[in-house]
Amino acid sequence: MMMNNLFSRNNIIKALLFIGAVVIIIGFLPRKDTNTYHYEMGKPWAYSLLTAPSDMPIYLDTISARHVRDSIDASFRPVYERDQNIEKSAVAAYATRVNNTESLGLSPLERNRLINTLRTLLESGIVDQETYQEVKSGRLP
C-alpha cells in the first residue's frame, strides 16, 4: 500500500517537475568560460592583445582643459597674419570691375555670388602652391 502511494501519478509528476527545475537552474548557473592568464612581472605578454571593442574617450575636467588650452596658446606662433584692409580693398576692386563690365552678361544675383565667393575665399586664406605643400606636409614656413 505504501509502495502504491509512493509511485502515484501525483508523486511522479512532482518528482519530474523537481528534476526539470533542477536541470533548468543548473543550466543557468554561470560557467567558467574565461581564460586564466598566467604572467610574470618583467616578462613579455604571451597571449593575444587585450583591447576593448570600442574607444572610450577620456574627458578633461574644466581646469585641466583650460590649462592645456593656455599652454597651447602660449606657445602658438601664427604662420601668417590676416590683413583685413587688403581683403576689403581687393573685394572692392573686384566688385567694381565686375559691376562695370557689362560684356559679361551677368545678372545682379550672379555678380553678388561672385563677390561673396571671393570674400569667402579671402576669409579662408589664400597662399601660393609651394607654401600650401609645406603646410600640408607639416613643414611650416
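Quick caveat: nothing in here was measured; it's all calculated off a predicted structure.

Reading the values: the criteria
Residues numbered from 1 in each chain as written. Predicted model: local features only at pLDDT ≥ 70, side-chain atom pairs only at ≥ 80, totals over all residues. Heavy atoms only, no water. Helix = DSSP H or I, 4+ residues; strand = E, 2+ residues; numbered from the N terminus. Rg over C-alpha atoms; globule rule 2.2 N^0.38 Å. Buried < 20%, exposed > 50% of the residue type's maximum accessible area, 1.4 Å probe, protein only. Contact = heavy atoms within 4.5 Å. Areas by Shrake-Rupley, 256 points an atom, 1.4 Å probe, with all protein chains shown as cover. Lys, Arg positive; Asp, Glu negative; His and termini not counted. Charge placed at Lys NZ, Arg CZ, Asp CG, Glu CD. 1 Å grid on protein atoms, 1.4 Å probe; cavity = no way out; pocket = protein on both sides within 12 Å on 5 of 7 lines; lining within 4 Å. Points joined across faces, edges and corners; volume = space filled by probe spheres on them. Nonpolar A, V, L, I, M, F, W, Y, C, P; charged D, E, K, R; others polar. Expected span 1.5 Å × (residues − 1). Arc of directions from axis to C-beta. Salt bridge = Lys/Arg side-chain N within 4 Å of Asp/Glu carboxyl O. Phe/Tyr/Trp six-rings, centres within 6.5 Å; stacked < 30°, edge-to-face > 60°.

**Some remarks on the overall build of the protein**
Counting secondary structure elements, the protein contains 6 helices and 0 strands. Its helices and strands taken in sequence order, the protein reads α-α-α-α-α-α from the N to the C terminus. Its C-alpha atoms give the protein a radius of gyration of 39 Å, more than 25% over the compact-globule value 14 Å for 141 residues. When the backbone C-alpha atoms are referred to their principal axes, the protein occupies close to 120 × 55 × 30 Å. Taking all 141 residues of the protein together, the buried fraction comes to 6%. Sequence separation of 24 or more characterises 44% of the internal contacts of the protein that already satisfy a separation of 6 or more. A total of about 13,600 Å² of accessible surface is found on the protein, and carbon and sulfur atoms cover 60% of it. Counting 16 positive and 15 negative side-chain charges, the protein places the averaged centre of each group 13 Å from the other.

**Overview of the layout of surface pockets**
Taken as a whole, the largest pocket holds about 440 Å³ of empty space. Lining the largest pocket are 15 residues, with Tyr80, Leu122, Gly125, Ile126 and Val127 positioned closest to its centre. Where the lining of the largest pocket is concerned, the elements lending two or more residues are helix H4 (84-100), helix H5 (108-124) and helix H6 (129-137). The residue makeup of the lining of the largest pocket, split by class, is 8 nonpolar, 2 polar and 5 charged.

**Notes on the environment of Asn100**
With respect to the secondary-structure elements, Asn100 resides in helix H4. In this structure Asn100 comes out as exposed when scored by relative accessible area, which is 58%. Along the chain, Asn100 and Ser8 lie 92 residues apart, while their C-alpha atoms are 111 Å from each other.

**Some details on H5**
The terminal C-alpha atoms of H5, which comprises 17 residues, lie 24 Å apart, in line with the 24 Å expected from a rise of 1.5 Å per residue. Burial in H5 covers these residues: Arg111, Ile115 and Leu118. Summarising the axial view, the buried residues of H5 lie within an arc of 55°, below the 170-degree limit, and thus occupy one face. Projecting away from the buried face of H5 at angles above 90 degrees are the exposed residues Leu109, Arg113 and Ser124. Looking at the packing, one finds that the buried side of H5 touches H4.

**A short note on the pattern of salt bridges**
Across all of its chains, the model carries 2 salt bridges by this definition. As a salt-bridge pair, Arg82 and Glu87 come within 2.9 Å of each other at their nearest N and O atoms. With a relative accessible area of 48%, Arg82 lands in the partly exposed category. The exposure class of Glu87 is buried, given its relative accessible area of 12%.

**A few points about the packing of aromatic side chains**
Centre-to-centre distance and the angle between the planes together describe a pair of aromatic rings. Evaluation of the coordinates by the stated rule reveals 4 aromatic pairs. Judged by centre distance (5.5 Å) and plane angle (45°), the rings of Tyr37 and Trp45 are tilted. On the basis of relative accessible area, Tyr37 is assigned to the partly exposed category, the value being 30%. You can call Trp45 partly exposed: its relative accessible area is 39%. Residues Tyr39 and Trp45 carry aromatic rings whose centres are separated by 6.1 Å and whose planes lie at 45° to one another, so their mutual orientation is tilted. Put simply, the rings of Tyr37, Tyr39, Trp45 and Tyr47 pair up and form one aromatic cluster.

Worth remembering: the numbers are spatial, not functional.
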